[in-house]
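Report on the structure
So the chains spell out like this:
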Amino acid sequence: MPSDPLTDKEKKSAVRPELSFLQIWNMCFGFLGIQMGFALQNANVSRIFQSLGASMEEIPILWIAAPVTGLLVQPIVGYYSDRTWGRLGRRRPYFLFGAIATTAALFFMPYAPGLWIAAGTLWIMDASINVSMEPFRAFVGDNLPERQRSKGFAMQSFFIGIGAVFASALPWMLANWFAVSNTAAEGQVPDSVRYAFYVGGACLFLAVLWTVLTSQEYSPDELKSFERGSTPAGDLAAASGLVSEAFLRRSALYWLLAGLLGSAAVAFWDWDAQLLILTAGAVLFAVVQRIAASLLAAGRYDHGFCEVVVDLFTMPRTMRQLAVVQFFSWFALFAMWIYTTAAVTSHHYGSDDPASALFNEGANWVGVLFAAYNGFAAIAAVALPFLAGHLGRRGAHGLCLMIGAAAFLSFFVIDDPRWLLASMVGIGIAWASILAMPYAILSVHLPANKMGVYMGIFNFFIVIPQLVAASILGLLLRELFASQSIYAMAIAAGSMAIAAVSLIWVDDPETVTHSVQETSAHA
């Protein structure tokens, strides 16, 4: 039998030391501010657009900047953060400079003088938030040993829930508790929204600054030593080989044909114009592959663009398996975010008229429901590490997703809208797990020198279902359910159940064994 190349002393030094609760708290605290920025954006930017004269038909197009920005920015930031090392470390420079730019955008957004300037500010804001957010996922993978990663990502889920509840309710609190004006002249943004953006921008910057100043990072040499101690599971050997130029050219041709034929079909049969989002995406992906093929042909294997494309095609096996879980999980969430207001107002309040008192009462209640599920998610995040310790990461995530699927179905059997708070408990549990468990599973299977870029690529499987949902959900509801929006909850339930079942095929060394080992050690 061949001898182990590492001595016992080297093995011990090649394992990341466990961090204290306070250290994990500090390294995740910045996510509180980042989520406040996202929540203010999600809850108020459409309102700002409408104040500046946008029609309801224009708002989805103005919002397309957000998912496209995430699709482009996160892998780029991940790639460069993997290669950064300086006085602030590896990931923290991106936290800090992204927070500065996001804060500036939040301060400026309510003062945008025109609709398209506001849309451009949204693009800058979303890009800046992504610059800060993407390295936070890799930060946990860099700093925590495997047995603590569930705890680390659950801590991020906790701060996401707290930040979302506070920021979503901030304009309401300013208007109702501090008598700040909630109305404004035509073409102006109410003071309650302006001040909320000020508070949110300040909180974002201070929370991220706290993490930057109170957290440390391992040097590249230390991370390499940790890699010696244990090789991430999965087929990482495949990632060391390059995708050939011929493969990329051939794949680009197939995607180009699919995009062009799909666009022609939309035009010829007069299908929904939203489907062009998908066909345009196919064409864009073909162009990306063609550029990467040209770089390979020129021998520029180390070009960042080329490496990201190659990493996309050679991602670890577990990452490919989790991509399916992520797609169906986030498709369900986007169905909820897009259609819950219409579903609740029509099904539970009996009104489809946006000018009616019942409709607005229902719409306000949906805001309360959304704040509630984020609050429940913060509570559920505390229990996730214990659940993962007993059921394993896959088992815990699968259980949470099935609870979420049942919660979506409960919209059909609950008549009193007040009882939908019970549904939000289940959705909050699923939301907390979606924000934590896939990253805890994935981080174990990634090499330290590519943690950032792979976490960025993993974001594709959040953005792509968002684009697919925006393209086909309206069509599905119209053709299959006579445009009854309540059935979007059934689609969400089915999609989340598929995500739960898909976990069966995800490879992961179950963390339940760690709990057993820890119990034995303490005994």
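Residues numbered from 1 in each chain as written. Predicted model: local features only at pLDDT ≥ 70, side-chain atom pairs only at ≥ 80, totals over all residues. Heavy atoms only, no water.

A short note on the overall build of the protein
As a reminder of what qualifies: Secondary structure elements are taken from DSSP: a helix is a run of H or I of four residues or more, a strand is a run of E of two residues or more, and numbering for both begins at the N terminus. To sort residues, take the accessible area from a 1.4 Å probe on protein chains only and compare it with the maximum for the residue type: under 20% means buried, over 50% means exposed, and anything in between is partly exposed. Contacts are residue-level and defined by heavy atoms, with any inter-residue pair within 4.5 Å sufficient.
In terms of helices and strands, the protein carries 20 helices and 0 strands. With 523 residues in all, the protein has 52% of them scored as buried. Relative to all contacts within the protein whose residues are 6 or more apart in sequence, the contacts with residues 24 or more apart total 81%.

Concerning a nonpolar patch on the surface
What counts is decided by this rule: Exposure above 30% relative accessible area and the absence of a salt bridge qualify a residue for a patch, where like charges join within 9 Å and nonpolar side chains (Val, Leu, Ile, Met, Phe, Trp, Tyr) within 5 Å. Here the accessible surface of atoms and residues is derived via Shrake-Rupley with a 1.4 Å probe, and residues count as covered only by protein chains that are part of the display. Whenever Lys or Arg places a side-chain nitrogen within 4 Å of a carboxyl oxygen from Asp or Glu, that contact is recorded as a salt bridge.
Taken together, the side chains of L253, Y254, W255, L257 and L261 present a nonpolar region at the surface, about 540 Å² in accessible area. Mapped onto the secondary structure, L257 falls in helix α10 (residues 245-268). Residue L257 is classed as partly exposed on the basis of its relative accessible area, which comes to 42%.

Points about the packing of helix α12 (residues 304-313) against helix α17 (residues 451-458)
Just so we agree on the cut-off: For every element, the axis is a line fit to its C-alpha atoms; helices are fit only across the contacting stretch, and the angle between N-to-C directions ranges from 0 to 180 degrees. Orientation labels follow simple angle bins: below 35 degrees gives roughly parallel, above 145 gives roughly antiparallel, 65 to 115 gives roughly perpendicular, and whatever is left gives oblique. Left-handed is the label given to a crossing in which the near helix is rotated counterclockwise from the far helix by less than a right angle, and right-handed is the label when the rotation is clockwise. Asp, Glu, Lys and Arg are counted as charged, while Ala, Val, Leu, Ile, Met, Phe, Trp, Tyr, Cys and Pro are counted as nonpolar; the rest, among them Gly, fall into the polar class.
Where α12 meets α17, the axes come as close as 10 Å, and the angle between the chain directions of the two elements is 65°. Here α12 lies roughly perpendicular to α17, going by the angle between them. For the pair α12 and α17, the crossing hand works out as right-handed. Only V453, Y454 and I457 of α17 make contact with α12, whose side of the interface consists of V308, D311 and L312. Residues belonging to the contact of α12 with α17 are distributed by class as follows: 5 nonpolar, no polar and 1 charged.

Regarding the packing of aromatic side chains
What counts, and what does not: In this analysis, rings of Phe, Tyr and Trp, with Trp reduced to its six-membered ring, are considered paired at centre separations within 6.5 Å, and the interplanar angle assigns stacked below 30 degrees, edge-to-face beyond 60, and tilted for intermediate values. Definition used: whenever NZ (Lys) or CZ (Arg) falls within 6 Å of the ring centre and also within 35 degrees of the ring normal, the charge is taken to sit over that ring.
Per the counting criterion, the structure on display carries 35 aromatic pairs. Between the aromatic rings of F268 and W269, the centroid separation amounts to 5.0 Å while the plane-to-plane angle is 90°, which identifies the pairing as edge-to-face. The same class applies to F268 and to W269, which are both exposed. Three or more aromatic residues joined by ring pairs make a cluster, and in this case those are F21, W25, F29, F158, F159 and W210. Here the basic side chain of R137 rests over the ring of Y439, its NZ or CZ set 4.0 Å away from the ring centre.

Focus on the layout of surface pockets
If a probe the size of a water molecule is rolled over the atoms, the empty space left behind becomes visible. To keep things clear, this is the line we draw: A 1.4 Å probe that fits into a set of points on a 1 Å grid over the protein atoms alone but cannot get out defines a cavity; an open set with protein on both sides within 12 Å along at least five of seven lines defines a pocket, and lining residues are those with an atom within 4 Å of a point. Grid points are joined across faces, edges and corners, and a volume is the space filled by probe spheres set on the points.
The calculated volume of the second largest pocket comes to roughly 1000 Å³. Contributions of two or more residues to the lining of the second largest pocket are made by α4 (65-82), α10, α11 (276-297), α12 and α18 (460-481). Here the lining of the second largest pocket gets 8 residues from one element, more than from any other, and that element is α11. Considered class by class, the residues forming the lining of the second largest pocket number 27 nonpolar, 4 polar and no charged.

Some remarks on the side chain of R149
Which entries qualify depends on this criterion: Only four residue types enter the charge count, namely Lys and Arg as positive and Asp and Glu as negative; His and the chain termini do not. Nitrogen and oxygen atoms within 3.5 Å of one another constitute a polar contact, given that in protein one can donate a hydrogen and the other can accept it, and given that sequence-neighbouring residues count only through two side-chain atoms.
Tracing the backbone shows R149 in helix α7 (residues 146-177). Of the side chains with opposite charge, E146 lies nearest to the buried R149, which makes no salt bridge, at 6.5 Å. Here the side chain of R149 touches G141 through a polar contact of 2.9 Å, landing on its backbone oxygen. With near-sequence residues (within four places) excluded, R149 lies in contact with R16, V140, G141, L144, A440, S443 and V444.

Details of helix α5 (residues 92-108)
Short version of the rule: Expected helix span is given by 1.5 Å per residue-to-residue step, counting one fewer step than there are residues.
Given a rise of 1.5 Å per residue, 17 residues ought to cover 24 Å, and the 25 Å separating the end C-alpha atoms of α5 matches this to within 8%. What α5 keeps buried is the set R92, P93, Y94, F95, L96, G98, A99, T102, T103, A105 and L106.

Focus on the environment of L475
Structurally, L475 can be placed in helix α18. In this structure L475 comes out as partly exposed when scored by relative accessible area, which is 23%. Here the alpha-carbon distance between L475 and L275, two residues 200 residues apart in the chain, equals 9.1 Å. When residues no more than four places from it in sequence are discounted, the contact partners of L475 are D272 and L275.

Some points on the pattern of salt bridges
The tally for this structure, following the rule as stated, stands at 16 salt bridges. D142 is the salt-bridge partner of R90, the closest N and O atoms lying 3.5 Å from each other. Of this pair, R90 sits in the loop between α4 and α5 while D142 sits in helix α6 (residues 115-143), and the two are 52 residues apart along the sequence. Taken as a pair, R90 and D142 share a single burial class, namely buried. A salt bridge links R418 to D416, with the shortest nitrogen-to-oxygen separation between them at 2.8 Å. For D416, a relative accessible area of 24% gives the class partly exposed. It is possible to trace a salt-bridge network through shared partners that takes in D82, R90, R91 and D142.

Things to note about the nonpolar core
As a reminder of what qualifies: Among buried residues, those of type Ala, Val, Leu, Ile, Met, Phe, Trp, Tyr and Cys that are joined through side-chain atoms within 4.5 Å constitute a nonpolar core.
F49, M109, F408, I457 and M496 are the most contacted members of the largest nonpolar core, which has 129 residues in total. The dominant element in this core, judged by the number of residues it contributes, is helix α14 (residues 357-409), at 16 residues. In contact with F408, not counting residues within four places along its chain, are A332, M336, I427, M489, A492, A493 and M496. Counting 9 residues, the second largest nonpolar core, distinct from the first, contains V243, L248, A292 and V309.

Concerning the side chain of E134
Along the chain, E134 turns up in helix α6. In this structure the side chain of E134 is engaged in a polar contact, spanning 3.5 Å, whose partner is the backbone nitrogen of G78. Filtering out sequence-adjacent residues up to four positions away, E134 remains in contact with Q74, V77, G78, S81, G452, M455 and G456.

Looking at the environment of T121
Within the secondary structure, T121 sits in helix α6. Overall, the relative accessible area of 7% leaves T121 in the buried class. Along the sequence, T121 and T102 sit 19 residues apart, while their C-alpha atoms lie 9.8 Å from each other. When residues no more than four places from it in sequence are discounted, the contact partners of T121 are A105, F108 and M109. At 2.8 Å, the side chain of T121 forms a polar contact with the backbone oxygen of I117.

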